[in-house]
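# Understanding the architecture of this molecule
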Amino acid sequence: MFTRLLSGQQRLIFLTIAIVLHVVVAISASQHLLTLRQPTKTPDQEVEVFFIKTELQPEIEPSRDRSITKQEAALTQAISEKLPATMAEPSAPTAEEWTFTSKYTNKNSKGYRHSWGQQVRSMMGTAIEGPDQGEVRFRIEIAPNGTLVKLDTLWSTSAHAEKLARKAIQNMPALPPTPTGKPLIFEKTISFSPFASDDRPSYKDDCLPDTPAFKNPFAWDGKSEQVKAQPAPTALKLDAQAMEECLRQLPKDTLEAEMARDQRIMDQWGSSKTGR
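The structure displayed is predicted, hence computed values, not measured ones. (Residues numbered from 1 in each chain as written. Predicted model: local features only at pLDDT ≥ 70, side-chain atom pairs only at ≥ 80, totals over all residues. Heavy atoms only, no water.)

## Some points on helix α5 (residues 106-122)
The following threshold applies: Only DSSP runs of H or I covering at least 4 residues are called helices, and only runs of E covering at least 2 are called strands; the numbering of each starts at the N terminus. To estimate the expected span of a helix, count its residues, drop one, and scale the result by 1.5 Å. Working definition for bend: take the seven residues up to and ending at a residue and the seven starting at it, fit an axis to each, and measure the angle between the axes. The classification of residues rests on relative accessible area computed with a 1.4 Å probe and restricted to protein chains. Under 20% of the type maximum is buried, over 50% is exposed, and intermediate values are partly exposed.
When the terminal C-alpha atoms of α5 are compared, their 25 Å separation across 17 residues agrees well with the 24 Å that a helix rising 1.5 Å per residue should span. Of all the bends found along α5, the most pronounced is centred on Y112 and spans about 30°. Most of α5 is tucked away, with 14 of its 17 residues classed as buried.

## Structural notes on the layout of surface pockets
Worth spelling out the cut-off: Each cavity reported here is a set of points on a 1 Å grid over the protein atoms alone in which a 1.4 Å probe fits but cannot get out, each pocket an open set with protein on both sides within 12 Å along at least five of seven lines, and each lining residue one with an atom within 4 Å of a point. Grid points are joined across faces, edges and corners, and a volume is the space filled by probe spheres set on the points. Three classes are used, and their members are as follows: Ala, Val, Leu, Ile, Met, Phe, Trp, Tyr, Cys and Pro are nonpolar, Asp, Glu, Lys and Arg are charged, and the others, Gly among them, are polar.
Size it by volume and the largest pocket reaches roughly 1,000 Å³. Around the largest pocket, the lining is made up of 29 residues, and of these F100, P201, Y203, P251 and A257 lie nearest the centre. The set of elements that each furnish at least two residues to the lining of the largest pocket consists of α4 (95-101), α5, α7 (240-249) and α8 (255-269). When residues in the lining of the largest pocket are grouped by element, the largest group, five residues, is from α8. Its residues assigned to classes, the lining of the largest pocket comprises eight nonpolar, nine polar and 12 charged.

## Let's talk about the side chain of S122
Take S122: it is sitting in helix α5. Overall, the relative accessible area of 15% leaves S122 in the buried class.

## Description of the sheet that holds strand β4 (residues 148-156)
Formally: Here the rule is simple: two strands pair whenever DSSP picks up at least two bridges between them. Helix axes use the C-alpha atoms of the stretch in contact, all axes being lines fitted to C-alpha atoms, and the angles between their N-to-C directions lie in the range 0 to 180 degrees.
Sheet architecture is open: three strands sit in the order β4-β3-β5, paired in antiparallel fashion. Where the open sheet ends on each side, the last strands, each with one partner, are β4 and β5 (184-192). Recorded for the sheet is a direction-independent mean angle of 25° between the axes of neighbouring strands. Where strand β3 (residues 134-142) lies against β4, seven bridges are found, and the strand directions are antiparallel.

## Comments concerning the packing of aromatic side chains
Heads up, the rule is: In this scheme Phe, Tyr and Trp rings, the latter by its six-membered ring, pair at centre separations within 6.5 Å, and the angle between planes marks the pair as stacked below 30 degrees, edge-to-face above 60, and tilted otherwise.
According to the stated counting rule, one finds five aromatic pairs in the structure shown. Residues F100 and Y104 carry aromatic rings whose centres are separated by 5.3 Å and whose planes lie at 40° to one another, so their mutual orientation is tilted. By relative accessible area, which is 26% here, F100 ends up partly exposed. Residue Y104 is classed as buried on the basis of its relative accessible area of 1%. Here the aromatic rings of W116 and F186 are separated by 5.7 Å at their centres, their planes lie at 80°, and the arrangement is edge-to-face. Pair noted here: W116 is in helix α5 and F186 is in strand β5, with a separation of 70 residues, a long-range link. Take W116 and F186: they sit in the same class, and that class is buried.

So this is what it looks like as structure tokens:
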């Protein structure tokens, strides 16, 4: 109704103004949208680098005014040089031990054989680590009265050890008769080494049958016919009378004997570094 009151020229002017306002609003809106979409520029970041300078502590030179004493020089030299290991000769068997072993018949006079080897080693002196250490194995035959009948060297790893052992055997004191009253034939290895471990034997299992020695059933010399070897027969158990005699000869187990054995093992294998 308002447009009807206006004249034609006024209506034309009014429409033109409306169109112009519409275009201006549209352009303003588009510019506003474009402005929002543009990413904001961030200022360039500045990186600061710091260098830390450390000063090394001056090395403290040892005082040259102090002179080293002879004792300190000797101690320093002893520490720097490796001292060879040594082992003193064991004590000879006592009269009590010989009394026991001269009556012990089990296992081919086991105690007598051990005491004989201990007597020889006790006369050979201190073993020192080096080229003179070694082992020698003998085959020995002793008469019923305790005198040496035959001595053969089976093998040796040290000429010096063999020489000392033979000298000790020649100078051995008179030995008691053999336990069985018969010639005693056995093999014995004498170890002349600071690392030897020839402790007293254990007798508590001597009445049990011997464990059969292992033998490779497929061993072959390369010449003869290949035949699988049969296992060695198991040793028979002792009869009642023999078992009674064997048990009678066994030494009695005492707390003192076990403590002495444990102490010997500790002295031999113990170490001050491990605290054991």
